[in-house]
Amino acid sequence: MKAAILGFGTVGSGVWKVLTENQDQIQRYLGEPVETAYVLDLRTFGDHPVSRVLTREIDDIVNDPQVDAVIECMGGLHPAYEFVHKALSAGKCVATSNKALVAAYGAELMRTAADHQTDFFFEASVCGGIPVLRTIRHSLAQEKILSVEGVFNGTTNYILSRMEQGLSYDAALAEAQVKGYAERDPEADVEGIDSCRKLAIIASMISGHTVHYEDIPTVGISHVTAAQIDAAKAEGKKIRLIARVTICGHEVDAKVGPEAVAQDHPLAQVKDVYNAVLIHGNMVGDILLQGQGAGSEATASAVVSDVLVALNDRKRKIFEPVCWTDQV
Ligand code: HSE
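Residues numbered from 1 in each chain as written. Predicted model: local features only at pLDDT ≥ 70, side-chain atom pairs only at ≥ 80, totals over all residues. Heavy atoms only, no water.

**Q** Can you break down the sheet that holds strand 6 (residues 120–121) residue by residue, with the values?
**A** Pairing is parallel in the open sheet, where six strands are placed in the order 3-2-1-4-5-6. With one partner strand each, in any of the chains shown, strand 3 (54–55) and strand 6 form the two edges of the open sheet. Relative to strand 3, strand 2 (residues 35–40) runs parallel, the two being bridged by two bridges. Looking at strand 3, one finds that Leu-40 is bridged to Thr-55. Along the sheet, helix 12 (residues 296–316) makes contact with strand 4 (67–72), strand 5 (93–96) and strand 6, crossing strand 4 at roughly 155°. (Pairing = 2+ DSSP bridges. Helix = DSSP H or I, 4+ residues; strand = E, 2+ residues; numbered from the N terminus. Contact = heavy atoms within 4.5 Å. Axes fitted to C-alpha atoms, helices over the stretch in contact; angles between N-to-C directions.)

Shown next, in the form of structure tokens:
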């Protein structure tokens, strides 16, 4: 089977690596290899093997009937939306790590996928390598999910963890950028917008209708001071950027903001780039998922998990129904 990667940045290059280094695991699952037939990027990459499959034209990919899967790792809304829409309309399955795209156009793109008998998956758009969406969607399909809360952003958690160790805010942010955790515009991380988009995706999934991220009250960490971190520590607490949605009947209550959390609370234990998601179901009780919420390989791993499920669906000609719609 053949795949095309859109964007060869932090996530795209990680996807290339997973598809190259983990072919044995991929073949064991799918029964056949997945070849990276195209990488779309406007840059050049010298003698890196990606140069052999590089293109600048989305039409090379969507018009090639041999391409089964398109993997969107460009980030941003445009042209990511147009390229994903084109790929789905051409019957390709699509996996993306792009939470801005899913938070803004998720319902529409899932509808487009369903109309063209293919899949649109976005596990990596929420909490990097943690399999949170598939857990909610499949493993907890029978549950009434009462609340989901957690640390949804690796960059801010890294900054808060490093500030606890005495580093300044600016130095900690610079480290997070060097490590490839931060968004191109890190304001999305530090002002809580990235967490807010991820929360909107989870809230939409558990409520069944689009929860607009613009409607979620959101505060980031850019005003958190070393003095506040020390004061929380003196009270046996840690400051974490918490995203939380609770469902009560048809009411969806969501919000993002820094909170001082008791040190023995599971969310206070989350350090560095790690994220954690605490799901409360009406039958199963609490489930805690934890893992790397950002970074090339962890995020790419989640993208490739989507690609494998989508390619398996494609072989069996079964496709996932839409998870949520724009209708309330
Ligand atoms: N900038 C994001 C974060 C990347 O730090 O969590 C993963 O979504």
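**Q** Which residues make up the pairing of strand 9 (residues 251–262), and what are the values?
**A** Of the pairings in the sheet, the one linking strand 8 (residues 237–248) to strand 9 comprises twelve bridges and is antiparallel in character. Across the sheet, Lys-237 pairs through a bridge with Ala-262, a residue of strand 9.

**Q** Outline the domain arrangement of the chain, listing residues and values.
**A** Its domain assignment divides the chain into domain 1 (2–128 + 296–316) and domain 2 (132–292). Using only C-alpha atoms to locate each centre, domain 1 and domain 2 end up separated by 26 Å. The partner domain 2 presents 19 residues to the 18 residues of domain 1 that form the contact. Carbon and sulfur atoms supply 62% of the area buried between domain 1 and domain 2, which totals about 1,500 Å² over both sides. For the domain 1 face of the interface with domain 2, the top three residues by lost area are Lys-99, Val-126 and Cys-127, together amounting to 39%. Taken together, the links from domain 1 to domain 2 amount to three salt bridges. Taking the shortest distance from any N to any O, the salt bridge between Lys-99 and Glu-183 comes out at 3.0 Å. Linking domain 1 with domain 2 are eight residue pairs in polar contact (both at pLDDT 80 or more). Elements represented by at least two residues in the side of domain 1 that touches domain 2 include exactly helix 5 (99–115) and helix 12. The element contributing the most residues to the side of domain 1 that touches domain 2 is helix 5, with five residues. The residue inventory of the side of domain 1 that touches domain 2, partitioned by class, reads eleven nonpolar, four polar and three charged. (Domains from an automatic or database assignment. Buried area = accessible area lost by both parts, 1.4 Å probe. Salt bridge = Lys/Arg side-chain N within 4 Å of Asp/Glu carboxyl O. Polar contact = N/O pair within 3.5 Å; in protein donor to acceptor, adjacent residues only side chain to side chain. Nonpolar A, V, L, I, M, F, W, Y, C, P; charged D, E, K, R; others polar.)

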